[in-house]
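For reference, the chains in residue letters:
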Amino acid sequence: MTAPPPLEHLNERPFSFFPPILGVEHNEWTYVRSTWSEMLVANTKSGAEVWIPRQYLGELSRVDEPVMIVGLRKELQYKAGSVWPYERRVVQMPRGLAEPPPANPEEVAASLKEPPGRRGAQGPETRIGLLIGAAIAIGLLATFVVVSVLREGPLRPKVVFTTKDQSFLELTRDDGYFEVVRKLGQPKDDRWREGGGELKFRVLAYPERGYSALLMGTERESARYVGSVDSNWHVVHAVDSPRGGNTLPLLRNLKPF
C-alpha cells in the first residue's frame, strides 16, 4: 500500500482536494488531526469537519502556488456527515428514440414521387407512434430513477450476512489476536500482508466457519479487529471507527490476499 501524504506537516496551511469532494461548495481545507486509519480536515468556509480514510488520499502537489493540492485516489461524495466513493450511473436511451437512423437516399427519392394524399395519410400515424414510444421510454426512465434513489438514499451501507456461523458478531474493534482466538478458536491459516504504507492487515482464516477475521495495524502483534469476510471475500461484518463511521468502505476496497 502507498503511504498517505504527510498532511500533518501542513499544520494550518490551507489546501484543496483534486478531484473536489462532491456535495461541498467550497474546496479549501485545513488539517486538524489524524488517527492510524483516517485524517480529519476542516472546511475553511463552512467550518465543517470531515474524516477522510487514508486509503483515498493520494499525492501532494510539488508546486504549491497558488494553493497546495492533495490528490484523491477516488472521486468522493459528501453525504450525511461522511464521505463515500461516488459512482456515476449512466442511462443509455434506446437508439430508435435518441437518434433516428440515417435515411436511405433511394427511399427518400421514392417517397417524394408518391401522391401527396398518400404521404399525408401516413405522416400523422408515424408521428403518433413515435410520441407513444417516447412517452413509454420516459415513464420507464423516471421509474428507474425513483427506484435508484430510494434504494441508494443517504442511508449508511448495510452488511449482508452470508454465513450460517455468526460468531464474528461477538468481536469488537478493541479485540486483538488473542481475543479473537479466545472467541473463535485457533485459525486454520494466519497471514500477514507487509506493505509500504502505514496500515497492514492480518487475516485469521476459519474455513470451517465460512469466513475470515481481519485485523489491521502497524505491527503484527498490535493489530486490532476491523471486520470479517466470507469465502468469496464479501464483507459480512464491520465495526464502528473510533471517530465515527465504520470500516465497511475500507474492507470493500481491500483486495483479497
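For the structure, see preceding data.
What counts, and at which threshold
- Residues numbered from 1 in each chain as written.
- Predicted model: local features only at pLDDT ≥ 70, side-chain atom pairs only at ≥ 80, totals over all residues.
- Heavy atoms only, no water.
- Phe/Tyr/Trp six-rings, centres within 6.5 Å; stacked < 30°, edge-to-face > 60°.
- Helix = DSSP H or I, 4+ residues; strand = E, 2+ residues; numbered from the N terminus.
- Buried < 20%, exposed > 50% of the residue type's maximum accessible area, 1.4 Å probe, protein only.
- Lys NZ or Arg CZ within 6 Å of the ring centre and 35° of its normal.
- Pairing = 2+ DSSP bridges.
- Axes fitted to C-alpha atoms, helices over the stretch in contact; angles between N-to-C directions.
- Salt bridge = Lys/Arg side-chain N within 4 Å of Asp/Glu carboxyl O.
- Arc of directions from axis to C-beta.
- Core = buried A, V, L, I, M, F, W, Y, C linked by side-chain atoms within 4.5 Å.
- Contact = heavy atoms within 4.5 Å.

J.: Can you help me understand the packing of aromatic side chains in this one?
T.: Aromatic ring pairs are defined here through the distance separating the ring centres and the angle between the ring planes. Per the stated rule, a full pass over the model turns up 5 aromatic pairs. Between Phe 17 and Trp 29 the ring centres are 5.8 Å apart and the planes differ by 55 degrees, which places this aromatic pair in the tilted class. With Phe 17 in strand S1 (residues 15–18) and Trp 29 in strand S2 (residues 29–34), the pair connects residues that are 12 residues apart, well separated along the chain. Take Trp 29: its relative accessible area is 2%, and that puts it in the buried class. With centroids separated by 5.3 Å and ring planes inclined at 80 degrees, the aromatic side chains of Tyr 177 and Phe 178 adopt a geometry described as edge-to-face. Look at Tyr 177 and you get buried, because its relative accessible area is 16%. Residue classification places Phe 178 among the exposed positions, given a relative accessible area of 60%. Every member of this aromatic cluster is reached through a ring pair, and the members are Phe 15, Phe 17 and Trp 29. Sitting above the plane of the Phe 257 ring, Arg 191 keeps its charged end 5.9 Å from the centroid.

J.: What am I meant to see in the sheet that holds strand S11 (residues 211–217) here?
T.: Pairing between the strands of a sheet is mediated by backbone hydrogen bonds and can be parallel or antiparallel. Strand order in the open sheet made by the 5 strands is S9-S10-S11-S12-S13, with antiparallel pairing throughout. Both edges of this open sheet fall to strand S9 (189–193) and strand S13 (235–238), since each of them pairs with a single strand only. Across the sheet, the mean angle separating the axes of adjacent strands is 20 degrees when strand polarity is ignored. Pairing geometry for strand S12 (residues 224–230) and S13, over 3 bridges, is antiparallel. Across the sheet, residue Val 229 finds its bridge partner in S13, namely Val 235.

J.: What am I meant to see in the pattern of salt bridges here?
T.: Pairs can form between side chains of opposite charge whenever their charged atoms are close. Tallying each qualifying case throughout the model produces 5 salt bridges. Its salt-bridge partner being Asp 175, residue Lys 183 comes within 2.8 Å of it at the nearest N-O pair. Between Asp 190 and Arg 220 there is a salt bridge, with the nearest N and O atoms lying 3.4 Å from each other. Here the residue Asp 190 occupies a position in strand S9, and Arg 220 occupies one in the loop between S11 and S12, the gap between them amounting to 30 residues.

J.: Please clarify how the pairing of strand S8 (residues 82–85) should be interpreted in this entry.
T.: A regular strand carries its side chains on alternate faces of the sheet. Relative to S8, strand S7 (residues 76–79) runs antiparallel, the two sharing 4 bridges. Looking across to S8, one finds that Leu 76 is bridged to Pro 85. Between the end of S7 and the start of S8, which pair antiparallel, lie 2 residues, with Ala 80 showing a positive phi angle near 50 degrees.

J.: I keep staring at helix H4 (residues 177–184) and nothing clicks. Help me out?
T.: Helical geometry: 3.6 residues make up each α-helical turn, so side chains three or four residues apart lie on a common side. For H4, the full list of buried residues reads Tyr 177, Val 180, Val 181 and Leu 184. End-on view of H4: buried residues confined to an arc of 100 degrees, all on one side of the axis. Pointing more than 90 degrees away from the buried face of H4 are the exposed residues Phe 178 and Arg 182. Looking one or two residues beyond H4, the residue adopting positive phi is Gly 185, at roughly 100 degrees.

J.: What is the right way to look at the pairing of strand S10 (residues 200–206) in this model?
T.: Within S10, 7 of the 7 residues are buried, which leaves it mostly tucked inside the rest of the structure. With burial as the criterion, each face of S10 is covered, one bearing Lys 200, Arg 202, Leu 204 and Tyr 206 and the other bearing Phe 201, Val 203 and Ala 205. Here 7 bridges tie S10 to S11, and the two strands are oriented antiparallel to one another. If you follow Ala 205 over to S11, its bridge partner there is Ser 212. Counted along the chain from S10 to the antiparallel partner S11, the turn is 4 residues long, and its residue Gly 210 has a positive phi close to 90 degrees.

J.: How should I be thinking about the nonpolar core in this particular structure?
T.: In globular proteins that are soluble, nonpolar side chains generally tend to be buried together. Residues Leu 7, Phe 15, Phe 17, Ile 21, Trp 29, Ile 52 and Leu 57 are the most contacted members of the largest nonpolar core, which totals 18 residues. A total of 3 residues in this core trace back to one element, the largest contributor, which is strand S6 (residues 68–72). The residues touching Leu 7, leaving out its near neighbours within four places in the chain, are Phe 15, Tyr 31, Met 39, Leu 57, Leu 60 and Val 70. One finds Val 181, Trp 192, Leu 215 and Tyr 225 within the second-largest nonpolar core, a separate group that totals 16 residues.

J.: Could you clarify how one ought to interpret the environment of Phe 18 in this entry?
T.: Turning to its location among the elements, Phe 18 is positioned in strand S1. A C-alpha to C-alpha distance of 6.2 Å links Phe 18 and Val 70, two positions 52 residues apart in sequence.

J.: Could you clarify how one ought to interpret unusual backbone geometry in this entry?
T.: Note on backbone geometry: most residues besides glycine have negative phi, and most peptide bonds are trans. In this chain, Phe 18 is followed by Pro 19 through a cis amide linkage whose omega measures 0 degrees. Summarising the element assignment, Pro 19 is placed in the loop between S1 and S2. Even without a glycine there, the phi angle at Ala 80 is positive, about 50 degrees. Along the chain, Ala 80 turns up in the loop between S7 and S8. Of note in the backbone geometry, Trp 233 takes a positive phi value of approximately 65 degrees without being a glycine.

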